[in-house]
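Structural description and commentary
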Amino acid sequence: METNEDVRRNAQDEGEAPVLSSTVYLDHVGEVTLTLNSDGLSWKSLESLNNDGSACFGIKFVPRIATKMATELKFSDIYAVELAGTGKILESNLTSAVERFLGNDGHDSEMNRFIVHSFEKSQSQPCLWILASYTFGHKDLHTCQMWVNKINDSLNKEVGRPKNLMVFVHPMSGKANGKRTWETVAPIFSRAKINTKVIVTERAGHAFDVMASATIDELHLYDGAIAVGGDGFFNEILNGFLSPRHKAPFPPTPSDFLKSAGKPSVHDPSGAGSETHNNKESDPLLSSLAHVESGFSHLRANDGSRFRGQEIEYPLPNQKFRFGIIPAGSTDAIVICTTGVRDPITSALHIILGKTVSLDVAQVVRWKTTSTSKVEPCVRYAASFAGYGFYGDVITESEKYRWMGPKRYDYAGTKVFLRHRSYEAEVAYVEVESEKDSSVSDGSRMFGKVWSLKRRKSETAICRANCSVCKIEPVYSSARSPRTTPYTSPQGTRWLKSKGRFLSVGAAIMSNRNERAPDGLVADAHLSDGFLHLLLIKDCPHALYLWHLTELARKGGNPLDFDFVEHHKTPAFTFTSFGNESVWNLDGELFQAHKLSAQVFRGLVCLFASGPEV
């Protein structure tokens, strides 16, 4: 074993970063040559270089590690390194067995140790990250300390890793295991030397109030906010962050649409022709801007409180302040869509390693709560889903059975399904080019349906890590004040309208994959493409609706392949209910709205995640 003076530092002639190399022991492997390169660590087993090997009765025993001439760890995959005091470093299992068989004592001995913390990807489930540690030993303490210092120097150069985080813990989330979930992952954050300000919420709206009241200077102290809970809890934190800071024009109101458009385009599911509305002067967006640009003092949060404009605007999107979710909820669809798996440790590692993915966010404006209430805009934000009808009824019914935990959604869903209620409403939405291209002009609805489905399946691009669709940078008029609406087009805006009785109206901002719907509501929805997927489920026989729900629950199913299902990719829509009851589900939270509008802001926030590996 070499001493500290024997450590070799070799500068490469080709101008590469200096290399540090030592002969050390690796636990359960044996003696190795450990090398530090510019991008990570690598090691070779010295046993594999020994031509003599271990032999018994002429049979040569070669340790399994010998078949791997080199092993490496990238700095981007290492989250911590630490001294571990003195202790035993064990040889490889096979070598130890051979030594015992030959009657030798082996070479296990006490020495100074340091541990490199990283992760491995599960072989059966690549999105699942499993903690992995590598314990190295050396007789000389200074050599171990030098390796710890050198590795830490390299880790400190990794871009985007958080140092200070706000952590909100929902103690009653899911099966009331929010605190237990945080206690499981907290040591990983501590090991990575990340400072965490932990806030265990004590009431509904607690996290919203903390985020909404935080000053600009306070936000600058942190690299992000972490939600230990479910989708609804993340929605509360997101709304607390955006509601007082996101300054943007409202989407058009349903009344604006009807008054300004004159004779709007009416969507005919049978494929018959529809009139277009492209006159810029009567665009519904323009009519809605007048009362928006007059000021934001009339904005209200969901609890009715007013927001006051801040003296200094907080820039959005903001790459420095990111959000993270450690799943502890009932569904955790956002985590599954952004990491590919519902696992607290995997999510914690995404946060610690500073992974980043942009998220679209839908701004939802309620104009009227009931048919008789006065017009008073109330702004909410949703990151995954907004749903009416069946979706709103399920969330309303489930509130009666919170004591059942996550099982309440199955029970409530069954009750709501058996009622089979439909609601009369009107939905108007912005048409996009892909919708125009898929229109059918020959009057044959069945032929058009089959052709459209084949075309969509052949062109389906699933959102994944390093997604080419989401990589395209979002465009805003100003980094400090993104006041442009995401769907403004120099060619004008073409609106279509669908009116009738609906079992449900859904707006999926992402695929919403979850354990009940493995492909999600819309399999090819993207995290950051600037669109939502409008799903209009018209009234139909009970059996057909059951078939639709069954297809949703089946991997590889075709839940959109029904005549009573309309699917429209759009950046904005408006909604008007013609009934007395109108309850929406926004990311798992109740939101009562008789008239509302919604628009998508592309890449408005950043999440500590890298996208699923599918």
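Every value quoted in this text rests on a predicted model; they were computed, and no experiment measured them.

1. Things to note about the overall build of the chain
When helices and strands are tallied, the chain shows 15 helices and 25 strands. When the 614 residues of the chain are sorted by exposure, 54% land in the buried category. Look at the contacts in the chain between residues 6 or more apart in sequence, and 76% of them connect residues 24 or more apart.

2. Let's talk about the pairing of strand S10 (residues 129-138)
Judged by how many residues are buried, S10 sits mostly within the fold: seven of ten residues are covered. Where strand S2 (residues 19-26) lies against S10, two bridges are found, and the strand directions are antiparallel. Residue pairing for S10: Tyr 25 is matched across the bridge by Gly 137. As judged from the ten bridges shared by strand S9 (residues 109-121) and S10, these two strands associate in the antiparallel manner. Opposite Ile 115, over in S10, you have Thr 135 as the bridge partner.

3. Quick look at the nonpolar core
In this structure, Met 211 and Phe 323 are the most contacted members of the largest nonpolar core, which totals 45 residues. Sort the elements by how many residues they give to this core and helix H6 (residues 231-242) lands first, with six residues. Those residues within four positions of Met 211 in sequence are excluded, and the remaining contacts are Met 166, Phe 168, Leu 219, Ala 225, Ile 237, Gly 240, Phe 241, Arg 245, Phe 321 and Phe 323. Ala 507, Ile 509, Leu 534 and Phe 591 belong to the second-largest nonpolar core, a separate cluster that totals 27 residues.

4. A look at unusual backbone geometry
Phi is positive for Lys 193, close to 60 degrees, though the residue is something other than glycine. Residue placement: Lys 193 occurs in the loop between helix H3 (178-191) and strand S12 (195-200). A positive phi angle is found at Asp 332, which is not glycine, with a value near 55 degrees. Residue position: Asp 332 is located in the loop between strand S14 (322-327) and helix H9 (333-339). Given the relative accessible area of 2%, Asp 332 is considered buried.

5. Here we look at helix H2 (residues 141-156)
The end-to-end C-alpha distance of H2, which contains 16 residues, comes to 23 Å, matching closely the 22 Å that a straight helix rising 1.5 Å per residue would cover. Restricting attention to buried positions, one finds in H2 the residues Thr 143, Cys 144, Met 146, Trp 147, Val 148, Ile 151, Ser 154 and Leu 155.

6. Examining the environment of Tyr 388
Relative to the helices and strands, Tyr 388 is located in strand S17 (residues 385-389). Accessibility expressed as a relative area gives 2% for Tyr 388, which makes it buried. Residues Tyr 388 and Leu 586, 198 residues apart in the sequence, show an inter-C-alpha distance of 9.1 Å. Not counting chain neighbours up to four residues away, the residues in contact with Tyr 388 comprise Tyr 423, Leu 503, Ser 504, Val 505, Phe 575, Ser 577, Glu 581, Ser 582, Val 583 and Trp 584.

7. Some points on the environment of Ala 225
Along the chain, the position of Ala 225 falls in strand S13 (residues 224-229). Put simply, Ala 225 and Lys 197 are 28 residues apart on the chain and 9.5 Å apart in space, counted from C-alpha to C-alpha.

8. Concerning the packing of aromatic side chains
Remark: the centre distance and the inter-plane angle together describe each pair of aromatic rings, the angle taken between the planes. Scanning the model with the defined rule gives 22 aromatic pairs in all. On the basis of an interplanar angle of 5 degrees and a centroid distance of 6.4 Å, the ring pair of Phe 114 and Trp 147 is categorised as stacked. Of this pair, Phe 114 sits in strand S9 while Trp 147 sits in helix H2, placing them 33 residues apart in sequence. For the pair Phe 114 and Trp 147, a shared accessibility class is recorded, and that class is buried. Pairing Phe 234 with Phe 323 gives two aromatic rings, centres 6.0 Å apart and planes at 80 degrees, and the pair type is edge-to-face. Residue Phe 234 is located in helix H6, and its partner Phe 323 is located in strand S14; the two are separated by 89 residues in the primary sequence. Taken as a pair, Phe 234 and Phe 323 share a single burial class, namely buried.

9. Let's talk about helix H10 (residues 344-352)
Burial analysis of H10 places seven of its nine residues in the buried class, the great majority of the element. Looking at H10, one finds that the buried residues are Thr 346, Ser 347, Ala 348, Leu 349, His 350, Ile 351 and Ile 352. Immediately downstream of H10, the backbone of Gly 354 shows phi near 75 degrees, a positive value.

10. Details of the side chain of His 138
Locating His 138 in the fold gives a position in strand S10. You can call His 138 buried: its relative accessible area is 1%. Among the polar contacts made by the side chain of His 138, one reaches the main-chain amide nitrogen of Asp 140 at a distance of 2.9 Å.

11. Topic: the confidence of the model for the chain
A residue-level look at the chain finds 73% of positions with pLDDT of 70 or above and a mean pLDDT of 79. pLDDT under 50 marks residues 4-15. Its contacts with residues more than four places away, or in other chains, come to 22 contacts. Considering only residues more than four positions removed or in separate chains, one finds that residues 56-69, a stretch of pLDDT under 50, has 27 contacts.

Rules used throughout
- As a convention, each chain's residues are numbered from 1 in the sequence order in which they are written.
- Totals for whole chains, interfaces and linings use every residue, but because this is a predicted model, local features are given only for residues with pLDDT of at least 70 and side-chain atom pairs only at 80 or more, for both listing and counting.
- Neither water nor hydrogens contribute to the side-chain values; these are computed over all heavy atoms in the structure.
- In DSSP terms, a helix is any run of H or I states spanning at least four residues, a strand is any run of E spanning at least two, and both are numbered starting from the N terminus.
- Partly exposed residues are those whose accessible area sits between 20% and 50% of the maximum for their type, while under 20% is buried and over 50% is exposed, using a 1.4 Å probe and protein chains only.
- The contact rule is simple, with two residues in contact once any of their heavy atoms fall within 4.5 Å.
- Pairing between two strands requires that DSSP report at least two bridges joining them.
- We define the nonpolar core as a collection of buried residues of types Ala, Val, Leu, Ile, Met, Phe, Trp, Tyr and Cys that are connected through side-chain atoms lying within 4.5 Å of one another.
- Helix span, as expected, comes to 1.5 Å for every residue beyond the first.
- Classification of ring pairs rests on two measures: the distance between centres of Phe, Tyr or Trp rings, Trp counted by its six-membered ring, which must be within 6.5 Å, and the angle between planes, read as stacked under 30 degrees, edge-to-face over 60 and tilted in between.
- We call two N or O atoms a polar contact when they sit within 3.5 Å, provided that within protein one can donate a hydrogen and the other can accept it, with sequence-adjacent residues counted only if both atoms are side-chain atoms.
- pLDDT expresses how confident the predictor is about each individual residue, on a scale running from 0 to 100.

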